[in-house]
Every structure is written in structure tokens, then in C-alpha cells.
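# Coordinate analysis (summary)
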2 protein chains.
Amino acid sequence: MEAKVVEFDLGRVEAILGAEDRAGAEEYLRELPTSERARLLSRMDGDSREHLIGLLDAEFAADLIQGLGETQSIEILESVDADLAAKVVDHVPSDEQADLLSGCDEEVAEKILAAMSPEEAVDARELMRYEWDTAGGMMITEYLAYRETATVREVAEDMRSNRDKYANFDIQYVYVTGENQRLLGVLRLRDLVLARQDDTVVSLMIQNPISVEVTAGLHDLYHFFMEHHFLGLPVVDLNGALIGVLQRSDVEESMSEEATENYLKVSGLQGNEELRSMPLMTRSRRRLSWLSINIVLNVIAASVIAVNQDVLEKVIALAVFLPIISDMSGCSGNQAVGVSVRELTLGLVKPKEVRRVFLKELGVGLVNGFVLGLLVAVAGTIWQNGWFGLVVGTALMLNTIVAVLIGGLVPLILKGFKMDPALASGPILTTITDMCGFFFVLFFAGTLLERLV
Amino acid sequence: MEAKVVEFDLGRVEAILGAEDRAGAEEYLRELPTSERARLLSRMDGDSREHLIGLLDAEFAADLIQGLGETQSIEILESVDADLAAKVVDHVPSDEQADLLSGCDEEVAEKILAAMSPEEAVDARELMRYEWDTAGGMMITEYLAYRETATVREVAEDMRSNRDKYANFDIQYVYVTGENQRLLGVLRLRDLVLARQDDTVVSLMIQNPISVEVTAGLHDLYHFFMEHHFLGLPVVDLNGALIGVLQRSDVEESMSEEATENYLKVSGLQGNEELRSMPLMTRSRRRLSWLSINIVLNVIAASVIAVNQDVLEKVIALAVFLPIISDMSGCSGNQAVGVSVRELTLGLVKPKEVRRVFLKELGVGLVNGFVLGLLVAVAGTIWQNGWFGLVVGTALMLNTIVAVLIGGLVPLILKGFKMDPALASGPILTTITDMCGFFFVLFFAGTLLERLV
């Protein structure tokens, strides 16, 4: 890998485009560190980007696109002419094709599919039917399968005569099938190396091999690959017919995508990933969709303060502690959300294990609530007086317990209802904890009012 | 893959352990869905867990451990006897060995290394020297390399005679080396299938193959694998000597780990991942380490309210809007943090591109600030009066602009100083935005005081 620390030079690219210099363009892109290519494309305007991709050899362009993050690839495919996009997508592995096209706007995807080479389009449509986080959505359809009667010589001949076609196949295993593509066995390429030319594949293959059903889910597959040394697994339909191959790296990639999405969601970025190369209004709208929900929730929570204004009026110093209690409880709760979401991902907890999580979080809530409450109580006592410290300290202590319990349980409940824990847990949590927190402070203050004023 | 939806049965496991029934234990574990095994181990007490692992065949135990998340594996290795741990770790691939041992407490790791088989320990120590997110930290040392003079027959014979040793190797490529392990070429296993027995590897190999230096970083490697179809890359030291092989799936796995860590950090969970099977005090302490920093920052921010109490006293209704403005600005800023961290990961932005990010975020800040400010202004006007609405609306508008700018830039600045953007950006952001927000509200209110009361 070139370790050059070159940076792209837009001027030079424009010059190459002006000269319609394909060789020059490919040479220049090869010179750039791979990550710089992503930056270059994100800085070019739509037209010259389309111009560049059109100029490149389709195979080369396909590799270039695959070198980008999915969001950026999709943004580019949507922006260029459908025929050009199709030419590029034709040269991408089938699982990537499905991911990219599923990500595109539906109309655009249809246009691209229509312009693709028929057999590629058929495969892509087929794969697009599956959820991205199932074996079907992650598998590739480029694999080698031979009938049980084939000999090593025939296999070798087939591989020789189709050298180019198989060039980009990731072949670690060769599959053996019977009637109706039924999967009979698998043999590792290395076993072919060791075999005699006249051996039949059936004599070399490992019988009734492990396979996964097309509907198997990401987390099970992830654990499975972690536990076994396979690089790839055959994927079968409900009739046991071989329909694809699932590679270890594709499962890892999907886990990575999921983790990234969780990060973006908890950062308040829902739906598709945002890149700063996107149009301003698109970026604003996406962020606002989330903020506008949040502002409503905030107003609801703050209304608790409004209804208790009389107390606040008498002990104005409380106003200083309301944001502190709101923010601290939010943090405590989000920690519990993070642990629950993570444990759900790892399969260490099931949605129905509410009791276990409740008890586990209650422990943390009592300890952390006591410590944090004490800290705030001391601060309040020093600044105002002991009664004041008692009020804010007790409020934070109780609210910390509430926060960790809600934070720990909400993800399980959402998951139980087949909803996305990473997405909705945060807002639900903070709204409830804010309301409780404000209530605790103002209620206790109200009951101890004569002591506080 | 067994699609059984069995759940583990602790009683049955205890019975198996009581009977010291190894075959029974392995059979039962095989029956369980892979993810259930993780749950089972997280629910067993330390002694019976140690008992179970000791009972299993080391090879089997190693697979079991690899089926768990790294945090859980480490927790288990630390909890069992060092000799037992060593026996298990001996059967784990070299890159995993290094990850697990690096994760363990140093003393424990030393004990385990001392008890491991010498050659395994040497490899592990070697790999532990590299950062987890470099080629050296991700590569494996199980690979096949032959001198240039070797013939296909000799290679096949070596593979045959070492069948067992190579059984768990992921062999997609065979490497050809010259003097001092210098990497000369690579050939794909499939090329061996097509070759004649007397061909020398040198005649078949692809010359001056692409390789990565041991110090290459995760993000570059990630882009590289996305762009090329290689399943593995040879890793060379500074002298061009072959020292390991980097597999695509290991790079994907590291990207996944990074994304997970980012998620946990933004959820307020720093350092090592928390599992609820850990001791209460460990969990509380870890969470508190972060909360205690946060409470200090909160007090600092809230002090802005304290110093402007006189204004608040006269317009108590403002107290209702302080938490709203604090929370909304935090959300807007965190969205910008999320985008910057993501773009830094994808290499789409460099730390020095402060100007670009500033302008891009300024746009979003103006639009979203206007929209959100307007919403709050309307709410404030309806609830109190126009002047009140003007104050809270303007405050939120300005603070939204401040928040997205800070949120967008802080990650770049931290990254520029080689600090972790995902970790520190949040707290820095919210502290500043809280202070600004509270100041804006109370300052504007102060200047318009006679209109408000």
C-alpha cells in the first residue's frame, strides 16, 4: 500500500478532465492515498465528478466507489446519469450492489437496475429482497459450485477456462450440489491442491456441511463466525438449495455498520448518515426532524417547573440546580441505556429479563445516587444552608435511581416491541428524568418551604 | 448453524459438572445457540465457570471463548487459574491472543504468558508490542511462506504433512520469500490448483506484491480493503521482511470495535466496556469516574445562573426556559460532533480543515437556529408576552449557532492534538453551550428588564 502522504490537487484533476485523459486520471488516482480519493470526490462539484467517473474504466470506477463509505457511494450514484451508474454497479460484488441500490432513492434505483446488464440486475433484485441484517442481505452470489460427479480435473479446467470471470471471486471453498442445487458438501480449495486429478469432488468433500438459512440474523451469525474458523458459509433456502455464500468479513462489516448507526443515533443523527458535502437544506432538515421532536419533549418536561413556579419564586436559588439535576440524571440514565443496548447486541440479555436488569441497575442507582446526592448536598449546603442542601441532594439521589432504572429497562422494552432501542431510548429517558427531577426538587422545597426562606 | 431456539439450563450444567462429564458438557454446549453460550457463561458463578472450562477440551474451550465478546472473554480469563487460561489461549489465533492478553490486567497477563507454550508466548508478546489499530496489532502470524526455489510438489507435500498444524490457518494466499524473509511474491491457492507439479513457486507467483508496513493505521487499511478485493495482505517490517498477514475480516472487526467504543463513549461509558455480570462496585466506580467530572462541569455552567439571580428573581418564568435552552443546544451541538467524528473516521475531513467545517456548520446553525428560535419565541410569547418570547427565542437562536460551531470544530481540534474526539467533545461542548445559553437568556432579559416586568 502506498504510504505516500500526498494530498489531492483539484487543479490537476480539472486539467486531466479537460484533456479527457483517462490514463492520466487513473494514474493520478492510483497515486493518491486511498482515503484522499474519498476526500477528493467529496470536494468535487457534481458535474466534474460525473465527468471523472465517466472517464474512468468501469472496473476502475467500481473499485473507486467501493473505496468510499456507503453513504458517499450512494450520494454519487444518485447524482450521476443512470447509465453511468449502472455501468459502475455492474462491476461491484452482488452484495454491495444490493446495499448500494437499496440505499438509493427508489426511482433512481429502478432506473439504474433497468440500465444494468440483465443477469447482474436479476441477482441484485434478488438480494434486495432480503433485510440487510440477515444472511440473505449479506451474502454474495459469486461462488463456485459443481455437481457431485465432477472430477478434480474438470474443476481445474473450469477454473482455468473461466479465469477472468472468477478473477474477483473470493474462493476459499468449492461447493458440491445435487438435484435442484441441493447442497451436498463443501471442500476447501487447499484440498483440491492435495487431490489427484481423477478424484471426484464427492470423494473429497466434507459431507452435510454446516450452512445457514437465508433468514438467519446478524447477531447469531456474528457469534457463529467468532466461534468458528470458517471464512465463509454456504447459504441455503428453505429447501436446502445453495443460493449464496456468506463471508466472515461481510458479517463483521454489518456489525460495524450497526455500531456506527448506534453512535449516530445517540448523537441525535437519525436516518441516513450526514456528510458535509450534502446540500445545506438536506442537512438542516435531517437534523431538525430530530430537534423538533426534542423541543416538544423539553417543553413538556419544563412544564413541571411552570406549575411549581410559586415555590421557585420563593427559593430562587433552586433555579441554579434544576439544569444540574436534569443534566446529571440524563447522564446516569444514558450510561444504563448504553450498557443495555450493548448487552442486547451481544445477546447477553433478553428483552424479558426485566427483573435481572432492574436489580442490577438498582444497585448502581443506590450507590451512585448516594454519592452524587451527597456531592450536590454539600455544594448546596455551603452555598445556601443545610435544608437547601438536603432538598437538592435528596432530589438528585432519588432521580439518579429513577434514571438508571429507566435507562436500563427502556431499551429492553423497546426491543421487546421490536422497536429500535438505540434510537428512542434517549429521548424517552431524558423526558421522564427531567420531569421527575424537577418535581422532586420543587416538591421537597415546597414541603420544607418555611425552613428554606 | 443450529437454528434451535433453546435456552440454557443452569441446573443441567451443574449436573454435568457434578458428573465431571466432558463429553456431555461439549455435547450440551454444541446444542445451545451460539449466543446462548455467552449468556450461560455470564450467569454462572466464577467457580463453576472455571470448573466448566477446565473440564472442556482446550481446543473446544478456545472456540467457546472466541465466541464471546472480547470484554467477556477477558473477564473470564482473568477469573480462572493462570495455567487453565494459558491452555485455552494457546489454542487461539495469534492476533486474538494479543488482544486478549493486552486486555487483561498486566500481572495476570504475565502469569498467563509464563504458563503458555513457549513458541505461542513468543508470538503473542511480539504482537502485543503493536497498537491494536495498526497492521501489526491486527495481523496474524499463521501463514504459509516458501522459499522461491520450492516447487508446487514440495508445497503440496508440506501442506499434506502439516495438515493438522495448518488446519485452522486461513490460507487464501501462499507467500514466497528470499533472503532474510524478504517478501518476493504471492500466489493465490487457486493458482496452485491450476499449476503443474514441477513448476516452482517463483514461476507462478505475482511479483513485487502489494504489502503493508507493520505501522500502517486502521483507517487507511480500511479504505484499502474496501477498494481492493484482497482477502489478506502480507505485512512487512521496515526491511521488507514478511512478519505477518493482515486479513480483511480483522480490519472490519477493528472498525466495528472503534464504532462500538464511540457509541459507549458518547453514552458516558468510558474506558472498558461494562457488562452487568461484573461486580457492582466495579460498575459503579467506572460510571462515577465520568459522572464526577460531569457534575463539576455542570456546577461551573450553572454558576452563570447564580451570578444573574437578580434578573431571574424578577422574571421567574425564565427559569422554565433555562433547561430547555441548555438541552436543545446540547442536542444541536452533539449532532455536529457526531458528523465531525464520523467524517474524521472516514477520512473525509482533516483536523486542519477548520475553515471548511466552520462554514458548513454556520449554514446549518443559521437555518436551525432560526427555526428553533422561532418555535421557542412563539411558545414564550403565548405563555408570557412578546418581549419574553423575543428574549428566549433570540437566546436559543444564537446559542444554536454557537453549539453547532463548537460541536463541529471541537473534534477537529482534539484530533489535531492527538486526543480522542469521541470522548472529550461532548462534555466540553455542553459546558460551553450551557454557559453561553444561560448568559444569553439572562443578559437579554436584564437589558429588557423594564419591558418584562
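Remember, it's a predicted structure, so these values are computed and weren't measured experimentally.

## Structural notes on the UniProt feature "domain: CBS" (unreviewed entry) in chain A
Those residues carrying the UniProt feature "domain: CBS" (unreviewed entry) are residues 139–202 and 205–261 of chain A in this numbering. Helix makes up 42% of residues 205–261 of chain A and strand 26%. Its end C-alpha atoms lie 40 Å apart.

## Overview of the sheet that holds strand β7 (residues 242–247) of chain A
Residues and elements named next belong to chain A. With mixed pairing, three strands are arranged side by side in an open sheet as β5-β6-β7. Each edge of the open sheet is held by one strand with a lone partner, namely β5 (212–213) and β7. The pairing of β5 with strand β6 (residues 232–236) spans two bridges and is parallel. Looking at β6, one finds that Glu213 is bridged to Val236.

## Details of the interface of chain A and chain B
Residue-level contacts link 131 residues of chain A with 131 residues of chain B. Taken together, the two surfaces of chain A and chain B that pack against each other cover about 12,100 Å², and 61% of this comes from carbon and sulfur. Of the charged contacts in the structure, one is a salt bridge between Glu361(B) and Arg276(A), with a shortest N-O distance of 2.7 Å. Remark: the boundary between chain A and chain B carries 45 residue pairs in polar contact (both at pLDDT 80 or more). Counting residues per element, the side of chain A that touches chain B draws most heavily on helix α20 (residues 318–346) of chain A, which supplies 19 residues. A class-by-class count of the residues in the side of chain A that touches chain B yields 66 nonpolar, 33 polar and 32 charged.

## Notes on the side chain of Ser425(B)
All names here are of chain B. Within the element layout of this structure, Ser425 appears in helix α23 (residues 421–447). Judged by its relative accessible area of 0%, Ser425 falls in the buried class. Engagement of the side chain of Ser425 in a polar contact is seen with the backbone oxygen of Pro421, the distance being 2.5 Å.

## Notes on the sheet that holds strand β5 (residues 212–213) of chain B
Judged by pairing direction, the sheet is mixed, and its three strands sit side by side in the order β5-β6-β7 (chain B) without closing on themselves. A strand with exactly one partner marks an edge of an open sheet, and here the two such strands are β5 and β7 (242–247) of chain B.

## Some thoughts on the domain arrangement of chain A
Along its sequence, chain A is carved into domain 1 (10–129), domain 2 (145–250) and domain 3 (280–452). Relative placement of domain 1 of chain A and domain 3 of chain A: their C-alpha centres are 47 Å apart.

## Examining the UniProt feature "transmembrane region" (unreviewed entry) in chain A
UniProt's entry tags residues 288–309, 362–383, 389–414 and 426–449 of chain A with the feature "transmembrane region" (unreviewed entry), counted in the numbering of this structure. Taken end to end, residues 389–414 of chain A has its terminal C-alpha atoms 37 Å apart, with 100% of it in helix and 0% in strand.

## A closer look at helix α10 (residues 118–128) of chain A
Residue and element names in this part refer to chain A. Ala121, Ala124 and Leu127 are the residues of α10 that are buried. One side of α10 carries all its buried residues, which in axial view fall inside an arc of 130 degrees. Away from its buried face, by an angle of more than 90 degrees, α10 presents the exposed residues Pro118, Glu119 and Val122. As for α10, its buried residues are in contact with α8 (94–103), α9 (106–115) and α11 (135–138).

## Points about a nonpolar patch on the surface
Where nonpolar side chains cluster on the molecular surface, the patch consists of Phe370(A), Val371(A), Leu374(A), Leu375(A), Val378(A) and Ile382(A) and spans about 560 Å² of accessible area. Positionally, Val378(A) belongs in helix α21 (residues 354–383).

## Observations concerning the nonpolar core
Within the largest apolar cluster, 93 residues are counted, with the highest numbers of intra-cluster contacts made by Leu312(A), Leu318(A), Phe388(A), Leu312(B), Leu318(B) and Phe388(B). Not counting residues up to four positions away in its chain, the partners in contact with Leu312(B) are Ile316(A), Ala319(A), Ile305(B), Leu318(B), Ala319(B), Leu322(B) and Leu442(B). With 46 residues, the next largest nonpolar core counts Met44(A), Leu52(A), Leu68(A) and Leu77(A) among its residues.

## Quick look at the environment of Val13(B)
Residue and element names in this part refer to chain B. Within the fold, Val13 resides in helix α1 (residues 10–18). It is 9.2 Å that separates the C-alpha atoms of Val13 and Leu29, two residues lying 16 residues apart in sequence. When sequence neighbours within four positions are dropped, the list of residues in contact with Val13 reads Tyr28, Leu40 and Met44.

## A word on the relation of the copies chain A and chain B
Note on the identical chains: chain A maps onto chain B by a rotation of 180 degrees and an axial translation of 0.0 Å, with an RMSD of 0.0 Å. Here the transformation between the copies is reduced to the relation of a two-fold axis. Interface overlap between copies: 100% of the residues of chain A at the interface are likewise at the interface in chain B, consistent with a symmetric, same-surface contact.

## Focus: the packing of α20(A) against α21(A)
Residues and elements named next belong to chain A. Where α20 contacts α21, the two axes come as close as 12 Å, and the packing angle between them is 160 degrees. Comparing their axes, α21 and α20 come out roughly antiparallel. At the point where α20 passes α21, the crossing takes the right-handed sense. Judged by residue contacts, Val320, Phe321, Met328, Ser332, Ala336 and Ser340 of α20 engage Val357, Glu361, Leu372, Val376, Gly380 and Trp383 from α21.

## Notes on empty space enclosed by the protein
Counting across every chain of the model gives 12 cavities of 30 Å³ or more. Its boundaries defined by the atoms lining it, the largest cavity holds a volume of some 880 Å³. Lining the largest cavity are 44 residues, with Val266(A), Asn334(A), Val266(B), Asn334(B) and Thr430(B) positioned closest to its centre. The set of elements that each furnish at least two residues to the lining of the largest cavity consists of α17 (248–266), α18 (280–307), α20 and α23 (421–447) of chain A together with α17 (248–266), α18 (280–307), α20 (318–345) and α23 of chain B. A class-by-class count of the residues in the lining of the largest cavity yields 18 nonpolar, 20 polar and six charged.

## Structural notes on the packing of aromatic side chains
The tally for this structure, following the rule as stated, stands at 21 aromatic pairs over all chains. Here the aromatic rings of Trp383(A) and Phe388(A) are separated by 6.1 Å at their centres, their planes lie at 75 degrees, and the arrangement is edge-to-face. The exposure class of Trp383(A) is partly exposed, given its relative accessible area of 35%. Residue Phe388(A) is classed as buried on the basis of its relative accessible area of 1%. Residues Phe439(B) and Phe443(B) carry aromatic rings whose centres are separated by 5.2 Å and whose planes lie at 15 degrees to one another, so their mutual orientation is stacked. Taken as a pair, Phe439(B) and Phe443(B) lie in helix α23 at a separation of four residues, close to a single helical turn.

## Structural notes on the pattern of salt bridges
Considering all chains together, one arrives at 47 salt bridges over all chains under this definition. Ionic pairing is found between Glu274(A) and Arg283(A), a salt bridge with its closest N-O pair at 2.9 Å. With a relative accessible area of 6%, Glu274(A) lands in the buried category. Linking Glu126(B) and Arg129(B) is a salt bridge whose minimum nitrogen-to-oxygen distance equals 2.7 Å. Note on Glu126(B): relative accessible area 34%, which makes it partly exposed. Overall, Arg129(B) belongs to the exposed group, its relative accessible area being 56%. Salt bridges sharing common partners tie together Glu7(A), Glu36(A), Arg39(A), Arg43(A), Lys350(B), Lys352(B) and Glu353(B).

## Considerations on unusual backbone geometry
All names here are of chain A. Here Asn180, not a glycine, exhibits a phi torsion of approximately 45 degrees, which is positive. For Asn180, the location among the structural elements is in the loop between β2 (173–177) and β3 (183–188). Classification of Asn180 as exposed rests on a relative accessible area of 65%. The residue Gln181 is not glycine, and still its phi comes out positive at about 60 degrees.

## A word on helix α5 (residues 58–66) of chain A
Residue and element names in this part refer to chain A. Summarising burial for α5: eight of the nine residues are buried, a large majority. Restricting attention to buried positions, one finds in α5 the residues Ala58, Phe60, Ala61, Ala62, Asp63, Leu64, Ile65 and Gln66. Where α5 begins, the capping side chain belongs to Asp57, and its oxygen is found 3.2 Å from the backbone nitrogen of Glu59.

The rules we used
Residues numbered from 1 in each chain as written. Chains lettered and ligands numbered in written order. Predicted model: local features only at pLDDT ≥ 70, side-chain atom pairs only at ≥ 80, totals over all residues. Heavy atoms only, no water. UniProt positions renumbered as here; feature names shortened; annotations may be inferred. Helix = DSSP H or I, 4+ residues; strand = E, 2+ residues; numbered from the N terminus. Pairing = 2+ DSSP bridges. Contact = heavy atoms within 4.5 Å. Buried area = accessible area lost by both parts, 1.4 Å probe. Salt bridge = Lys/Arg side-chain N within 4 Å of Asp/Glu carboxyl O. Polar contact = N/O pair within 3.5 Å; in protein donor to acceptor, adjacent residues only side chain to side chain. Nonpolar A, V, L, I, M, F, W, Y, C, P; charged D, E, K, R; others polar. Buried < 20%, exposed > 50% of the residue type's maximum accessible area, 1.4 Å probe, protein only. Domains from an automatic or database assignment. Arc of directions from axis to C-beta. Patch = residues over 30% accessible without salt bridge, like charges linked within 9 Å, V, L, I, M, F, W, Y side chains within 5 Å. Areas by Shrake-Rupley, 256 points an atom, 1.4 Å probe, with all protein chains shown as cover. Core = buried A, V, L, I, M, F, W, Y, C linked by side-chain atoms within 4.5 Å. Least-squares fit on C-alpha atoms with pLDDT ≥ 70 in both. Axes fitted to C-alpha atoms, helices over the stretch in contact; angles between N-to-C directions. Parallel < 35°, antiparallel > 145°, perpendicular 65-115°, else oblique. Left-handed = near helix turned anticlockwise from the far one by under 90°. 1 Å grid on protein atoms, 1.4 Å probe; cavity = no way out; pocket = protein on both sides within 12 Å on 5 of 7 lines; lining within 4 Å. Points joined across faces, edges and corners; volume = space filled by probe spheres on them. Phe/Tyr/Trp six-rings, centres within 6.5 Å; stacked < 30°, edge-to-face > 60°.

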